[in-house]
Amino acid sequence: MKNEQYMGVEVSPLSYDEITDQLKTRVQAGEQSTIIAVNPEKIMKAQEDATLRDLINGSTFQIPDGVGVLLASRLKGGQVRSRVTGVDMMDHLLKLSADQGYRVFFYGAKEEVVSKAIENIQAKYPAMQVAGYDNGYVQDQEALIEKIQGSKADVMFIALGSPKQELWIRENKDRLPVKVFQGVGGSFDVFAGHVKRAPAPFRKVGMEWFYRLATDPKRFKRQLALPKFLFKIVTKK
Ligand code: UDP
């Protein structure tokens, strides 16, 4: 299935399982892959930020995180069938790693967040091998790179927020043995139980944004990207 493009930004129409299958094949072939989450906010930002657009379009998988991208695909007769969220993609990748014996490295978030996230993940997937971890505030980047090189990690999650994490991946991936990189934003906070996701009924009907807005009105400005984005999609020929 071919990627779709919204305002010059690529989006993958693949499901969790299709991406997971492709990742497995790519790891076997020794190919590196990068996964980036795409939402209306990022697509709007990419209109003025060519670096961000290139970061997204240069990734292997651009997952449709955010209901706005799903709606855009429906409006345009595209193939995106459901959201593929960063946190759920990470969960699928953790399961794949446990099943395949991939070693996983975690980088980002505060020390207590990343360590608690790993503890919870290990309880969920006891077979998963932790290659190592570091919090997202370490100063010595060279020491970090050596640590990752020595860890023989196959899969790496980077939680520094966007686009910091994507820039980090681009800058360092060529000197790391890691095969799969995913920038996961606030997902370590979710796995650590520090940030609650919207209750399942909200998530099921694609109204997670509404729950977030109601519980954290500061997000209003960020969420304005959604109607602006849909308006552009609908009015653009
Ligand atoms: N973070 C970090 N180092 C930094 C800046 C941020 O480790 O220099 C972490 C922060 O602790 C949090 C995550 O990155 O866990 C940012 O999550 P956020 O939800 O802001 O990212 P988004 O998904 O919105 O890009």
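The coordinates are above.
Residues numbered from 1 in each chain as written. Predicted model: local features only at pLDDT ≥ 70, side-chain atom pairs only at ≥ 80, totals over all residues. Heavy atoms only, no water.

1. Some words on the packing of helix H1 (residues 16-28) against helix H5 (residues 86-100)
Then step 1. H5 packs onto H1 with a crossing angle of 40° between their chain directions and a minimal axis gap of 10 Å. The orientation of H1 with respect to H5, classified from their angle, is oblique. Relative to H5, H1 is oriented so that their crossing is right-handed. Facing H1, whose interface residues are Tyr 16, Asp 17, Ile 19, Thr 20, Leu 23 and Lys 24, H5 presents Asp 88, Met 89, His 92, Leu 93, Leu 96 and Gln 100.
Then step 2. For the contact of H1 with H5, the class distribution of residues is six nonpolar, three polar and three charged. (Axes fitted to C-alpha atoms, helices over the stretch in contact; angles between N-to-C directions. Helix = DSSP H or I, 4+ residues; strand = E, 2+ residues; numbered from the N terminus. Parallel < 35°, antiparallel > 145°, perpendicular 65-115°, else oblique. Left-handed = near helix turned anticlockwise from the far one by under 90°. Contact = heavy atoms within 4.5 Å. Nonpolar A, V, L, I, M, F, W, Y, C, P; charged D, E, K, R; others polar.)

2. With respect to the environment of Met 90
Then step 1. Within the secondary structure, Met 90 is located in helix H5.
Then step 2. Spatially, the C-alpha atom of Met 90 lies 22 Å from that of Leu 144, the residues being 54 residues apart in sequence.
Then step 3. Discounting residues that sit within four places of it in the chain, Met 90 has contacts with Phe 106, Ile 121, Phe 157, Gln 182, Val 184, Ser 187, Phe 188 and Phe 191.

3. Quick word on the sheet that holds strand S7 (residues 155-159)
Then step 1. The six strands are arranged S4-S3-S8-S7-S5-S6 in an open sheet whose pairing can be described as parallel. The strands lining the two open edges of the sheet, one partner per strand, are strand S4 (61-64) and strand S6 (129-134). Pairs of neighbouring strands in the sheet enclose a mean axial angle of 20°, with direction left out of account.
Then step 2. Alignment of strand S3 (residues 33-38) against strand S8 (residues 180-183), held across three bridges, turns out to be parallel. Residue pairing in the sheet places Ser 33 in a bridge with Val 180 of S8.
Then step 3. Of the strands in this sheet, strand S5 (103-108) and S6 touch helix H6 (residues 111-124), which is tilted by about 170° from S6. (Pairing = 2+ DSSP bridges.)

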